[in-house]
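Inside the fold
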Amino acid sequence: MPSHPRNIVILTGAGVSAESGVATFRGPGGLWEGQRVEDVCTPQALARDPVLVHRFYDERRAKLAEVEPNAAHHALARLDAEWDGELLLVTQNVDDLHERAGSKRLLHMHGELNSALCAACGKRQRWEGALPPGSACGSCGAPLLRPDIVFFGEMPYAMHVIERALGAADLFVSIGTSGAVYPAAGFVHSARRRGINTLEMNLDPSEGSTMFDDSRRGPAGELVPQWVESLLR
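From a predicted model like this one, the values you see are computed outputs, not experimental measurements.

1. Focus: the packing of aromatic side chains
This structure, assessed with the given rule, holds four aromatic pairs. Relative to Tyr57, the ring of Phe56 lies with its centre 5.1 Å away and its plane at 90°, an arrangement referred to as edge-to-face. Centroid distance Phe172 to Phe212: 6.3 Å. Interplanar angle 20°. Geometry classified as stacked. Of the two residues, Phe172 sits in strand S9 (residues 171–175) while Phe212 sits in the loop between strand S10 (197–202) and strand S11 (214–217), which places them 40 residues apart along the sequence. Grouping residues by exposure puts Phe172 and Phe212 together as buried. Of the aromatic side chains, those joined through ring pairs into one cluster are Phe56, Tyr57 and Phe151. Over the ring of Tyr157 we find Arg124; its NZ or CZ atom is 3.8 Å from the centre of that ring. Sitting over the ring of Phe151, Arg146 keeps its end group 4.2 Å from the ring centre.

2. A short note on the sheet that holds strand S8 (residues 145–149)
Two modes of strand pairing occur in sheets, parallel and antiparallel, and in both the strands are linked by backbone hydrogen bonds. One open sheet accounts for three strands, arranged S7-S6-S8; its pairing is antiparallel. Two strands close off the open sheet at either side, each with one partner strand: strand S7 (124–126) and S8. On average, adjacent strands in this sheet sit at an angle of 45° to one another, irrespective of strand direction. The pairing of strand S6 (residues 111–118) with S8 spans four bridges and is classified as antiparallel. Bridging from a neighbouring strand, Cys118 pairs with Leu145 of S8. Most of the contacts of helix H4 (residues 50–63) go to S8, to which it runs at about 55°, and overall it touches S6 and S8.

3. Details of the pattern of salt bridges
Opposite charge on two side chains permits pairing when their charged atoms draw close. The tally for this structure, following the rule as stated, stands at 16 salt bridges. For Arg105, the salt bridge goes to Asp80, with nearest N and O atoms at 2.8 Å. With Arg105 in the loop between helix H6 (97–101) and strand S5 (106–108) and Asp80 in helix H5 (residues 71–82), the pair connects residues that are 25 residues apart, well separated along the chain. Among the residues examined, Asp80 registers a relative accessible area of 8% and is labelled buried. Salt bridges linked by common partners bring Glu68, Asp96 and Arg100 together as one network.

Basis of the calculations
The numbering scheme is per chain: residues are counted from 1 as the chain's sequence reads. Under the rules for a predicted model, residues below a pLDDT of 70 receive no local features and side-chain atom pairs below 80 are neither given nor counted, while totals for whole chains, interfaces and linings still include all residues. Only heavy atoms go into the side-chain values, all of them from the structure, while hydrogens and water stay out. Note on ring pairs: Phe, Tyr and Trp rings are taken, using the six-membered ring of Trp, and paired if centres are within 6.5 Å. Classes follow the plane angle, with under 30 degrees stacked, over 60 edge-to-face and the rest tilted. Secondary structure is summarised from DSSP: a helix means a run of H or I of at least four residues, a strand means a run of E of at least two, and numbering begins at the N terminus for each. Between buried and exposed lies partly exposed: a residue is buried under 20% and exposed over 50% of the maximum accessible area for its type, with that area taken using a 1.4 Å probe on protein chains only. The criterion for a charge sitting over a ring is simple: Lys NZ or Arg CZ within 6 Å of the ring centre, and within 35 degrees of the ring normal. When DSSP locates at least two bridges between a pair of strands, those strands are taken to pair. Axis angles are defined between N-to-C directions and span 0 to 180 degrees, where every axis is a line fitted to C-alpha atoms and, for a helix, only to the segment in contact. We call two residues contacting when some pair of their heavy atoms lies within 4.5 Å. A pairing counts as a salt bridge when a side-chain nitrogen of Lys or Arg comes within 4 Å of a carboxyl oxygen of Asp or Glu.

So far we have only geometry, and geometry alone does not tell us how the molecule works.
Structure below.
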């Protein structure tokens, strides 16, 4: 890893928010908060049982009020504020903990709980509280608002922005990710092809751990502040 990287791309996953009490996406038995992922996170599930899907995300949205950013979120926000090079924080998480910690150079590639997406016009709008099926779009009026979550089989947001940032980066950092969900799991491959230095910080080895130049084990709340401190010295 270069002693003085200039342009950094950081990817965060469920392991970062787990330390704040947010359930990881794939729990025991492939369940997320007691539901099969296939029943709450696919376009087919939404079409089959919109009441279940909307209620599931309503409950997740409500739980955000019960959790707070942890040391990893705050350290990344500090890095965002103090780093004078290019920086892009890409999160797979749909919670708002990075924002609440103060991160600005941030992109939610899998959508956001506090947002609604119109299935008719494609516009996104800020949303808090319950989002019942049939809610009307503020832009076009169609009663087709759905959770602004990238379901399996759908394209993540702003992939062109992420690829452009990776192309200009000299350091790619992955924090708290399983390395199992694509296209995010492929970012380390893109970085290696471009000769970008890579660092992973994870509680357990990810599926792509062997691809990283440096792989560190431990809680994000401990590792990330240490790493940020070393960068900003």
